[in-house]
Every structure is written in C-alpha cells, then in structure tokens.
Amino acid sequence: MKQLSLHIALLSLSLLMLVGCKSTPENVTQNDALPNIYPDYIGVTIPVGIAPLNFSMTDDEVETIDVEVKGSKGGAVHADGAYADFDIDEWHQLLKTNKGGKLSVTVCAEKNGQWTQYRCFEIMVSNEELDEWGITYRRIPPSYEIYSKMGLFQRDLSTFDETALIENTQVPDQCINCHTANRTNPDQYVYHVRGAHGATVIHRNGIDEVLIAKNDSLGGSMVYPYWHPDGRYCAFSTNKTTQMFHTANNKRIEVYDSMSDVFIYDTETHTILKDTLTMKLLWAENTPVFSPDGRWLYFTTAQRQLYPTYYDKEKYSLCRVSFDAQTGRLGQQVDTLINTAMTGKSVTWPRPSYDGRYLMYTQLDYGYFSVWHPEADLWLLDLTTGETRPMDEVNSEKSESFHNWNSNSRWFLFTSRRDDGLYTRIYFSMLDAQGRATKPFMLPQRNPKDYYTKLLYSFNTPDFTSRPVQSDSRLMSRRILSNQRTATQLR
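Conventions and cut-offs
- Residues numbered from 1 in each chain as written.
- Predicted model: local features only at pLDDT ≥ 70, side-chain atom pairs only at ≥ 80, totals over all residues.
- Heavy atoms only, no water.
- Pairing = 2+ DSSP bridges.
- Helix = DSSP H or I, 4+ residues; strand = E, 2+ residues; numbered from the N terminus.
- Axes fitted to C-alpha atoms, helices over the stretch in contact; angles between N-to-C directions.
- Salt bridge = Lys/Arg side-chain N within 4 Å of Asp/Glu carboxyl O.
- Buried < 20%, exposed > 50% of the residue type's maximum accessible area, 1.4 Å probe, protein only.

Caption draft 1: Local environment of the sheet that holds strand β25 (residues 317–324). Spatial ordering of the open sheet is given by β23-β24-β25-β26, a layout of four strands whose pairing is antiparallel. Whereas interior strands pair on both sides, the edge strands pair on one side only; in this sheet they are β23 (283–290) and β26 (329–338). The sheet shows a mean angle of 30° between the axes of neighbouring strands, taken without regard to direction. Bridge count between strand β24 (residues 296–303) and β25: six bridges; the pairing is antiparallel. Of the residues in β25, the one forming a bridge with T300 is L318.

Caption draft 2: Representation of the sheet that holds strand β29 (residues 377–382). Strand order in this open sheet of four strands is β27-β28-β29-β30, and the pairing throughout is antiparallel. For this open sheet the edge positions go to β27 (346–352) and β30 (388–390), each flanked by a neighbour on one side alone. On average, each strand axis in the sheet is inclined to that of its neighbour by 25°, with strand direction left out of account. Where strand β28 (residues 358–364) and β29 come together, six bridges link them in antiparallel fashion. Bridging across to β29, T362 finds its partner in L378.

Caption draft 3: Geometry of the pattern of salt bridges. Per the stated rule, a full pass over the model turns up 23 salt bridges. A salt bridge links D59 to K111; its shortest N-O distance comes to 2.8 Å. Placement of D59 in the loop between β4 (56–57) and β5 (64–71) and of K111 in strand β7 (residues 102–111) is noted, with a sequence separation of 52 residues between them. With relative accessibility at 28%, the residue D59 sits in the partly exposed group.

Caption draft 4: Main features of unusual backbone geometry. With an omega of -5°, the peptide bond running from Y38 to P39 counts as cis. Residue position: P39 is located in the loop between β2 (37–38) and β3 (45–46). Residue P308 follows Y307 across a cis peptide bond; omega there is 0°. Here P308 lies in the loop between β24 and β25. Look at T184: it is not a glycine, yet its phi comes out positive at around 70°. Residue class for T184 comes out buried when judged on its relative accessible area of 2%. Of note in the backbone geometry, W349 takes a positive phi value of approximately 50° without being a glycine. Along the polypeptide, W349 turns up in strand β27.

Here you go:
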C-alpha cells in the first residue's frame with residue numbers, strides 16, 4: 001500500500017513538472033550575431049524593481065520566440081510566444097537575486113518553421129536603488145491648432161499599470177499642461193490649464209488651490225513651474241508663446257516666445273514676487289529652477305529678436321541669481337554659467353541633480369522648445385568644477401529633452417524621438433560614480449511592439465514620483481470648469 005502511494009505521488013509530481021515546463025526549440029541553427037529586438041535592451045543597466053523588459057523581434061515575419069534569462073548570481077526566467085512576456089513576480093525575484101550582477105539573455109526565433117539561436121547578450125542589474133514608485137507624464141497627440149485628447153497620467157514602474165490623473169475629456173476644450181512635483185513628492189504638485197476656463201492648479205498640504213490663470217501685470221500665464229525645496233515658493237515663467245510651421249527643412253514646427261519673464265510665487269501669501277533682474281524689457285527669461293539647497297535660482301535668458309523674421313537668432317544662456325527664502329527676495333547680481341556668445345548654441349530645461357553635483361540641460365542650435373529640434377542633445381554641467389560636456393552615451397540623432405532626476409540623483413529619465421522620429425518616448429539611464437551615463441532603455445510595456453506601434457501619442461514632461469499621486473479628477477474637473485478662482489497679488 002505504501003509502495004502504491006509512493007508511485008502515485010511520483011506520477012503526480014512528474015505530471016506537475018511536465019505541465020510547468022516550457023518546450024524548448026529543436027533543430028536550432030546557430031547565429032553568432034546579436035538578435036534584433038524591440039525595444040533594444042541589449043547591454044542596458046536596470047534597477048531592481050523595474051517592470052519586465054518584454055520584447056519582440058524586429059522582424060515581423062518571426063512567428064515565435066523562445067527566451068531564457070539566467071542570472072550571474074542564480075535564478076532564471078523563461079518566456080516563449082509571439083513576444084517575450086516574462087512573469088512579473090519571477091522577473092522581480094530574478095532581479096533581487098542578481099542585484100549588482102548580470103543577466104544573460106538567450107534568444108531563439110522561429111521563422112518559416114526554422115529556429116535560429118542568436119548570440120547571448122547581457123543586461124546589468126545595478127546596485128543603485130531607484131527609490132521611486134513610478135513616474136508621471138503628459139500624453140499628447142501631435143496636434144497643433146486644436147487641443148484634441150490629452151491628459152496627465154501616472155505609471156507604476158514595477159508593473160505596467162497606468163492611471164489617469166486628469167484628462168481633458170473631463171474639462172472639454174482645455175489644454176492640460178505639465179504636472180510638476182516637488183522633488184518627486186506626490187503631496188505637492190502644480191499644473192497649468194489653458195483655455196476658456198484656464199487655471200493654475202496647486203496642490204499643497206492636502207489642499208487644492210485653483211489660481212487665476214493669467215495676470216495682466218505679468219503679461220501671460222504661470223507656466224514652466226519648479227518648486228523651492230522648502231515647499232513654500234514656486235518659480236514660474238510667464239510666456240506669450242507662438243508657433244509657426246517649417247516648409248523647407250528637417251523641422252516641422254517652431255515654438256517661440258514674443259515675451260517671457262521669470263518670477264516667484266509665494267504659496268502662503270498668494271503673492272507674485274517680481275524682480276527686474278529676471279524681468280528685463282529687452283530680454284526673454286525662461287525655464288526657472290531652484291538649486292537643491294534653495295539658495296540659487298537658475299534660469300535661461302536670451303536677447304529678444306524681431307519675430308518671426310529672426311526667430312533662429314534667439315539663443316539662451318544659462319544664468320543664476322541667489323535667493324533668500326527668509327525674505328523671498330533675489331540677490332543683486334546675475335551670474336552667467338553658460339554663455340551663448342561663447343558656445344554659439346542655446347540652453348534650455350536646466351535640471352540640477354538633487355545631490356547638488358550636476359546640472360543637466362538640453363543644448364540646441366537656437367530657441368528653447370527643444371522637442372521639435374532634431375539636433376537637441378542632453379549636456380551635463382559639473383557644478384563643482386564648472387566643466388560641461390555632451391552626454392554622448394545617451395544622445396541620438398533625434399531630439400532629446402524633458403529630463404528629470406530621481407530623488408537619490410543616480411537615475412534620470414528623458415524623452416527622445418529616436419524610436420521613429422515622430423513621437424517622443426520615455427527613456428531611463430543611470431549615472432555612475434564618474435558621471436558617465438549607462439545605455440538608456442525605453443519605458444517597458446507589456447507588449448511593447450504592439451503598444452508603441454499603435455500609440456499615436458507623445459510622452460511629455462515626465463518626472464519620477466515616490467508614491468502614487470492621490471487626486472480626485474472628477475472633483476478637480478468641476479472646480480476647473482467653475483468660475484471660482486483664488487486671486488493673487490503682486491509685490
């Protein structure tokens with residue numbers, strides 16, 4: 001009886017193992033070339049906790065792929081089908097086991113009934129923590145004269161889950177702009193709404209304020225925000241933005257400002273703090289950011305041109321001025337850190353790392369709206385030495401822009417048009433101890449080839465968030481569509 005029970009148990013175990021095993025290709029032809037996969041994850045460095053790097057073969061005639069991923073410190077995952085779709089729990093366990101190690105990826109592909117095995121490639125698993133729950137971003141279609149459908153979204157980086165923070169279908173005929181948190185803190189953020197019910201929405205200390213969008217004495221709206229680290233102040237630019245279309249070069253559209261100034265908003269007193277140092281009559285100040293210690297305000301500035309005739313003569317320098325959080329006042333002197341008279345180029349979107357070591361920015365031939373400039377590249381300024389360099393490790397022949405740091409300043413994200421030249425996608429990279437960036441990888445999706453092929457939207461102004469953003473979009477849409485606004489005063 002005991003022997004029969006043992007046979008039954010062994011048979012059951014064998015059946016369970018057969019059910020759990022995946023079939024492996026037979027009669028495989030060896031190919032010493034690396035596989036052509038989409039997205040290109042070959043040789044990238046990833047953090048523990050990132051969602052599975054699912055991928056397909058770029059060749060649409062490939063019917064099935066079989067992928068095995070082995071860790072240098074142990075463990076393995078396997079996937080087969082039309083694309084590599086790894087189990088999320090198994091993937092996370094593999095990354096935890098191999099933190100600081102490597103993953104070896106073997107790809108077999110079936111085409112016309114013939115299997116081919118390609119040369120293995122590696123994925124590095126970093127020791128550096130990501131320390132973020134996810135990211136926020138705007139998704140927007142390539143429409144120019146009408147707002148169309150757009151929205152602010154958040155995405156869990158450990159899975160493929162995405163939720164909407166607010167969409168303009170909830171506030172018809174409005175343009176939802178640029179969700180900006182204070183150093184990845186989801187408890188404090190701001191975004192702007194353009195349209196008949198325009199507003200500047202500020203969330204702070206659990207309270208939502210809907211400010212009047214425009215102020216006549218400013219000459220425009222409150223856009224391109226950046227928080228002071230203590231959370232009381234927020235720097236803005238006010239811009240009169242115009243767009244025009246190219247007909248004879250490799251650019252489609254040009255965005256420029258006929259006027260722009262930089263100012264600081266005091267959230268406690270609802271006061272706009274103006275200063276002639278950042279609001280010069282014949283100059284265009286733009287894209288302000290505070291230093292991590294709050295003592296400096298960085299911004300870009302360019303001499304105003306005759307628009308649109310000399311739009312390509314507008315070139316921005318990077319400057320900074322001291323800021324006193326006790327008095328809410330700027331200092332007396334503006335320092336120029338990167339001078340367009342020396343470089344012949346234009347600087348935009350400065351973003352200091354939160355550890356105070358670096359400042360990342362985008363450099364382009366002219367102007368500041370870099371997303372439409374194929375030549376726009378990321379540059380890195382070492383704030384301790386003053387040296388600056390192009391980030392060739394992450395740049396491409398297409399536009400790179402809209403970058404932001406994670407809270408420990410070891411990881412950063414940015415947008416690029418390198419994928420198809422049409423739409424901006426989100427990419428991630430890590431900065432090592434020597435200040436060199438790793439090969440960037442695209443934001444993972446469940447079925448990335450299908451997702452990105454069918455998605456007719458660009459990712460815009462992404463940022464990290466340490467926790468999910470808690471937002472009642474129905475309540476906020478009603479407030480935006482109402483006429484109730486918080487007034488501001490000038491100083």
